[in-house]
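An overview of the molecular structure
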Amino acid sequence: MVIAEWELDGKVHAVVHDNAANVVSSVLLVENVENSICCAAHTIQICVKTALKSVKLYSLILKKASTMVSHFHHSNVAASVLRKTQRQFELKELKLIQSCATRWNSSYLMCERLLVNRGAIIAVLADREVTSAALALKLEINEGEWTEMESMIKLLKPLQVATVVLCEENVTISILRPIIYGLINKHMLIKSEDNENVRNFNEDINQNLQKRFKMKRQEYDEVFIDQISCFLDPRYKYLETETDEVKENVRKRVQNLLQTTRLAESNKVVSEEISAMDFLLDAKSYGENESEFDMYLREPQLNHNVSNPLIWWKNNELKYPNLAFLAKKYLCAPATSVTSERCFSTAGNIVTSKRSCLLSENVNLLTFLKRNQNAFNR
């Protein structure tokens with residue numbers, strides 16, 4: 001297997017991938033990999049795409065919006081007049097954004113840009129020297145559709161923000177369940193004052209998010225990596241997103257992992273750095289893991305705005321050595337595959353048709369330098 005060839009045997013405990021069926025099946029065949037993780041951002045976008053299709057009016061609006069954007073992209077005259085009109089309306093000269101099935105949040109960004117430039121766009125379409133009456137009629141978005149587009153933007157914004165947060169560098173899987181829980185229970189709630197389209201969208205996306213992210217974990221006997229990571233993250237250790245039964249199962253699972261860690265440590269040679277009192281009192285052999293666990297439970301939960309939980313574990317590693325070992329293992333799993341995809345994109349920009357003879361070692365070095373240039377500039 002590739003893992004053995006790359007000398008990663010015993011070091012890889014999770015694989016993050018997209019939702020493609022062949023990739024999911026391949027990961028399940030890899031030996032010694034405990035966890036198969038679907039990219040959270042990709043999964044959210046699948047849910048969004050499905051929910052938008054479930055509302056016919058939203059699908060129609062997106063189709064009309066895409067046609068309008070295409071017109072301004074392909075007509076230099078219309079694009080030039082739009083820029084002039086934007087200046088007259090004291091708007092920023094921003095190019096309209098086209099939606100793309102493979103670009104996350106592109107439908108949201110397209111509609112948002114259209115709404116900002118709504119007045120300028122209508123003015124250009126009303127100018128018969130620029131747009132013929134027949135073409136204007138073809139591109140027209142009526143008042144009711146503009147209103148529905150505003151509602152759609154409000155629905156999509158939390159999902160767009162969630163995707164952006166999950167795609168940031170150094171975001172661990174521990175943040176996933178709190179974010180999805182917040183989307184379902186705060187931003188996507190079905191309200192009595194909502195119109196039929198909003199209710200249908202919220203209902204569909206709620207069902208998809210719960211199903212794809214397995215939010216009703218009481219239906220499963222297994223404790224999953226995102227739940228363990230959530231408990232080991234000092235920002236979410238109280239597990240507010242889980243039922244009491246699931247909380248207890250997660251804690252028991254962590255205690256079992258601690259016991260395994262303790263047994264593994266007991267087989268190692270005693271370090272020369274052990275303190276005299278630890279040696280004399282044999283502190284390593286009595287109730288260490290249990291006290292670690294109980295002490296960690298009594299620690300106050302950190303604010304969710306703390307950016308990096310690993311810094312907390314670095315500062316408390318001596319206090320919770322075995323828990324810190326587990327935290328390093330489980331918090332290293334990313335929530336998305338975006339970081340690796342960015343590396344592929346960087347490599348693709350380096351190895352072009354005019355630089356196709358680069359040695360693999362040089363490609364590795366150039367990719368590393370590009371991806372870490374900000375660190376070098378500090």
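Residues numbered from 1 in each chain as written. Predicted model: local features only at pLDDT ≥ 70, side-chain atom pairs only at ≥ 80, totals over all residues. Heavy atoms only, no water.

Notes on the state of the cysteines
Enumeration according to the criterion identifies zero disulfides in this entry. You can see Cys-167 has no disulfide; the closest cysteine sulfur is in Cys-39, sitting 6.4 Å from it. (Disulfide = S-S within 2.5 Å.)

Notes on the pairing of strand 2 (residues 35–38)
Remark: a regular strand shows side chains that alternate across the two faces of the sheet. With burial as the criterion, only one face of strand 2 is covered, namely that bearing Asn-35 and Ile-37; the residues Ser-36 and Cys-38 on the opposite face remain uncovered. Sheet topology places strand 1 (residues 14–17) next to strand 2; four bridges connect them, and they run parallel. From the neighbouring strand, His-17 faces strand 2, where its bridge partner is Cys-38. (Buried < 20%, exposed > 50% of the residue type's maximum accessible area, 1.4 Å probe, protein only. Helix = DSSP H or I, 4+ residues; strand = E, 2+ residues; numbered from the N terminus. Pairing = 2+ DSSP bridges.)

A look at the environment of Glu-112
Inspection of the secondary structure assignment puts Glu-112 in helix 6 (residues 106–116). Linking Glu-112 and Met-152, residues 40 residues apart in sequence, is a C-alpha distance of 9.7 Å.

Concerning the packing of helix 12 (residues 225–232) against helix 17 (residues 321–330)
At a closest axis distance of 10 Å, the pairing of helix 12 and helix 17 adopts a crossing angle of 130°. If you check the angle between helix 12 and helix 17, you find them oblique. Read as a crossing pair, helix 12 and helix 17 show a hand that is left-handed. Across the interface between the two elements, Ile-225, Ile-228, Ser-229 and Leu-232 of helix 12 pack against Leu-323, Leu-326, Ala-327 and Tyr-330 of helix 17. Of the residues assigned to the contact of helix 12 with helix 17, the class counts are seven nonpolar, one polar and no charged. (Axes fitted to C-alpha atoms, helices over the stretch in contact; angles between N-to-C directions. Parallel < 35°, antiparallel > 145°, perpendicular 65-115°, else oblique. Left-handed = near helix turned anticlockwise from the far one by under 90°. Contact = heavy atoms within 4.5 Å. Nonpolar A, V, L, I, M, F, W, Y, C, P; charged D, E, K, R; others polar.)

So, the packing of aromatic side chains
Tallied over the full model, the rule gives nine aromatic pairs. Ring geometry for Tyr-296 and Tyr-320: centres 6.1 Å apart, planes at 80°, overall edge-to-face. Of this pair, Tyr-296 sits in helix 15 (residues 288–298) while Tyr-320 sits in the loop between helix 16 (309–315) and helix 17; the two residues are 24 residues apart in sequence, bridging distant segments of the chain. Per residue, the accessibility class of Tyr-296 equals that of Tyr-320, and both read buried. With a centroid separation of 4.9 Å and an interplanar angle of 90°, the aromatic rings of Trp-312 and Trp-313 are classed as edge-to-face. Residue Trp-312 shares its accessibility class with Trp-313, and that shared class is buried. Positioned above the aromatic ring of Tyr-296 is the side chain of Lys-237, whose terminal nitrogen or guanidinium carbon lies 4.9 Å from the ring centre. (Phe/Tyr/Trp six-rings, centres within 6.5 Å; stacked < 30°, edge-to-face > 60°. Lys NZ or Arg CZ within 6 Å of the ring centre and 35° of its normal.)

A closer look at the packing of helix 5 (residues 76–88) against helix 7 (residues 118–126)
Relative to each other, helix 5 and helix 7 sit at 130°, their axes nearing to 9 Å. Accordingly, the angle class assigned to the pair helix 5 and helix 7 is oblique. In terms of crossing hand, the pair formed by helix 5 and helix 7 is right-handed. Each of Ala-78, Val-81, Leu-82, Thr-85 and Gln-86 in helix 5 lies in contact with helix 7, whose residues at this interface are Ala-120, Ile-121, Ala-123 and Val-124.

Some thoughts on the side chain of Lys-247
Summarising the element assignment, Lys-247 is placed in helix 13 (residues 244–266). Although Lys-247 is buried, it forms no salt bridge, and the closest oppositely charged side chain is Asp-244 at an N-O distance of 4.1 Å. (Lys, Arg positive; Asp, Glu negative; His and termini not counted. Salt bridge = Lys/Arg side-chain N within 4 Å of Asp/Glu carboxyl O.)

Quick look at the pattern of salt bridges
Under the definition given, this model contains 10 salt bridges. With a closest N to O distance of 2.9 Å, Glu-169 and Arg-371 form a salt bridge. Residue Glu-169 is found in the loop between helix 9 (143–166) and helix 10 (176–187), and its partner Arg-371 is found in helix 19 (residues 360–371); the two are separated by 202 residues along the sequence. For Glu-169, a relative accessible area of 40% gives the class partly exposed. The closest approach of N and O atoms between Asp-226 and Arg-177, which form a salt bridge, is 3.8 Å. One end of the pair, Asp-226, is in helix 12; the other, Arg-177, is in helix 10, and 49 residues separate them in sequence. For the pair formed by Asp-226 and Arg-177, the shared burial category is buried. One connected set of salt bridges, linked through shared partners, spans Glu-169, Arg-342 and Arg-371.

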